[in-house]
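# Structure at a glance
Residues per chain are reported as follows:
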Amino acid sequence: NAGVMQNPRHLVRRRGQEARLRCSPVKGHSHVYWYRQLPEEGLKFMVYLQKENIIDESGMPKERFSAEFPKEGPSILRIQQVVRGDSAAYFCASSPTSGGGHNSPLHFGNGTRLTVT
Amino acid sequence: SQQGEEDPQALSIQEGENATMNCSYKTSINNLQWYRQNSGRGLVHLILIRSNEREKHSGRLRVTLDTSKKSSSLLITASRAADTASYFCATDDNNDMRFGAGTRLTVKP
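Residues numbered from 1 in each chain as written. Chains lettered and ligands numbered in written order. Predicted model: local features only at pLDDT ≥ 70, side-chain atom pairs only at ≥ 80, totals over all residues. Heavy atoms only, no water.

Attention now goes to the overall build of chain A. Counting secondary structure elements, chain A contains 0 helices and 11 strands. N-terminal to C-terminal, the α/β element order of chain A is β-β-β-β-β-β-β-β-β-β-β. The C-alpha atoms of chain A give a radius of gyration of 13 Å, which matches the 13 Å a tight globule of 117 residues would have. Reported as C-alpha extents along the three principal axes, the dimensions of chain A are approximately 40 × 25 × 25 Å. In chain A, which comprises 117 residues, the share counted as buried stands at 47%. Once local pairs closer than 6 in sequence are excluded, the contacts in chain A between residues at least 24 apart make up 53%. When the accessible surface of chain A is summed, it comes to about 5,800 Å², and 47% of that surface belongs to carbon and sulfur atoms. Here chain A carries 16 positive and 10 negative side-chain charges, and the mean point of each set is 7 Å from the other. (Helix = DSSP H or I, 4+ residues; strand = E, 2+ residues; numbered from the N terminus. Rg over C-alpha atoms; globule rule 2.2 N^0.38 Å. Buried < 20%, exposed > 50% of the residue type's maximum accessible area, 1.4 Å probe, protein only. Contact = heavy atoms within 4.5 Å. Areas by Shrake-Rupley, 256 points an atom, 1.4 Å probe, with all protein chains shown as cover. Lys, Arg positive; Asp, Glu negative; His and termini not counted. Charge placed at Lys NZ, Arg CZ, Asp CG, Glu CD.)

On to the state of the cysteines. All names here are of chain B. For the coordinates displayed, the defined rule picks out 2 disulfides over all chains. Note on cysteine connectivity: Cys-23 is disulfide-linked to Cys-89, with sulfurs 2.0 Å apart. Handedness of the Cys-23-Cys-89 disulfide follows from its S-S torsion of about 65 degrees: it is right-handed. Here Cys-89 lies in strand β9 (residues 85-93) and Cys-23 lies in strand β3 (residues 19-24), a separation of 66 residues in the sequence. A relative accessible area of 2% places Cys-23 in the buried class. Judged by its relative accessible area of 0%, Cys-89 is buried. (Disulfide = S-S within 2.5 Å.)

Our focus in this paragraph is the layout of surface pockets. Of the pockets and cavities examined, the largest pocket occupies roughly 390 Å³. In this structure, the largest pocket is lined by 20 residues; those nearest its centre are Gln-37 and Glu-40 of chain A together with Gln-37, Ser-39 and Gly-40 of chain B. Those elements that place two or more of their residues in the lining of the largest pocket are β9 (88-95) and β11 (112-116) of chain A together with β9 of chain B. For the lining of the largest pocket, a count of residues per class yields 9 nonpolar, 6 polar and 5 charged. (1 Å grid on protein atoms, 1.4 Å probe; cavity = no way out; pocket = protein on both sides within 12 Å on 5 of 7 lines; lining within 4 Å. Points joined across faces, edges and corners; volume = space filled by probe spheres on them. Nonpolar A, V, L, I, M, F, W, Y, C, P; charged D, E, K, R; others polar.)

Below, the discussion takes up the sheet that holds strand β8 (residues 71-76) of chain B. All names here are of chain B. Taken in spatial order, the 5 strands make up an open sheet running β1-β3-β8-β7-β6, and their pairing is antiparallel. Here the strands that pair on one side only, and so sit at the sheet edges, are β1 (5-7) and β6 (55-58). On average, adjacent strands in this sheet sit at an angle of 20 degrees to one another, irrespective of strand direction. In this sheet, β3 lies alongside β1 in antiparallel orientation, the contact comprising 3 bridges. What sits directly across from Asp-7, in β3, is Asn-22. (Pairing = 2+ DSSP bridges. Axes fitted to C-alpha atoms, helices over the stretch in contact; angles between N-to-C directions.)

We now examine the environment of Arg-14 of chain A. Residue and element names in this part refer to chain A. Assignment of secondary structure puts Arg-14 in the loop between β2 (10-13) and β3 (19-24). Taking the C-alpha atoms as reference points, Arg-14 and Ser-87, separated by 73 residues in sequence, lie 11 Å from one another. Here Arg-14 is in contact with Val-82, Val-116 and Thr-117, once residues within four sequence places are set aside.

Centre distance and the angle of the planes are the two values used to describe a pair of aromatic rings. Taken as a whole and judged by the stated rule, the model has 7 aromatic pairs over all chains. Between Phe-108 of chain A and Tyr-35 of chain B the ring centres are 5.8 Å apart and the planes differ by 80 degrees, which places this aromatic pair in the edge-to-face class. Of this pair, Phe-108 of chain A sits in strand β10 (residues 107-108) while Tyr-35 of chain B sits in strand β4 (residues 31-37), which puts the two residues in different chains. Each member of the pair, Phe-108 of chain A as well as Tyr-35 of chain B, is classed as buried. Seen from their ring centres, Phe-108 of chain A and Phe-99 of chain B are 5.8 Å apart, and the 80 degrees between their planes marks the pair as edge-to-face. Of this pair, Phe-108 of chain A sits in strand β10 while Phe-99 of chain B is found in strand β10 (residues 96-99), placing the two residues in two different chains. Classification of Phe-99 of chain B by relative accessible area gives buried; the value is 0%. The rings of Tyr-35, Phe-45 and Phe-108 of chain A together with Tyr-35 and Phe-99 of chain B are connected pair by pair, giving a single aromatic cluster. (Phe/Tyr/Trp six-rings, centres within 6.5 Å; stacked < 30°, edge-to-face > 60°.)

Fair warning: the whole summary comes from geometry, so function is off the table for now.
Structure below.
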């Protein structure tokens, strides 16, 4: 059984370009979470999505960042006009039900490391 | 929104010793989870403890939860060099999971 797949593993973008990060959840999982991690730090929540719906985007910057989880295909985290401060590891996690209320562990991918030059 | 906070930030021990990491949180929870992260990898779920449980075991791992003090501890017994990793606690916030900054554990052979 394939776990959470993220691609690319490494992404280099120049300032002002767009970055698209993809996440394929575990088969059958309809809940997806995106987190950002700076070196030597913890995970910062960005956004929680269910199929075709954004449930909580309170951790995502209002500008330049967007996320989607379409009916078909992977979840996409999109960062427009990247700046050096966007350099970080971005992790995606999935679960069959919501993480809190239903006591479901999260399954993580190995992340995409974004470097903005 | 609430977030677990781990203590200590870093811990270095010799192989065979026990390692204890603590987590504190701020508001009521449904469950608390512990995860492990090896360098350059994603997080791996270790153990989940529900709010009505006080202690849980899984192999060499022992987790306690004290909801009155809003704290949890993770004990790794008879540590091995392969246990070297960062350990995070996570608490549910509505339907999201929020993570602390983690404890970086180094086990010296």
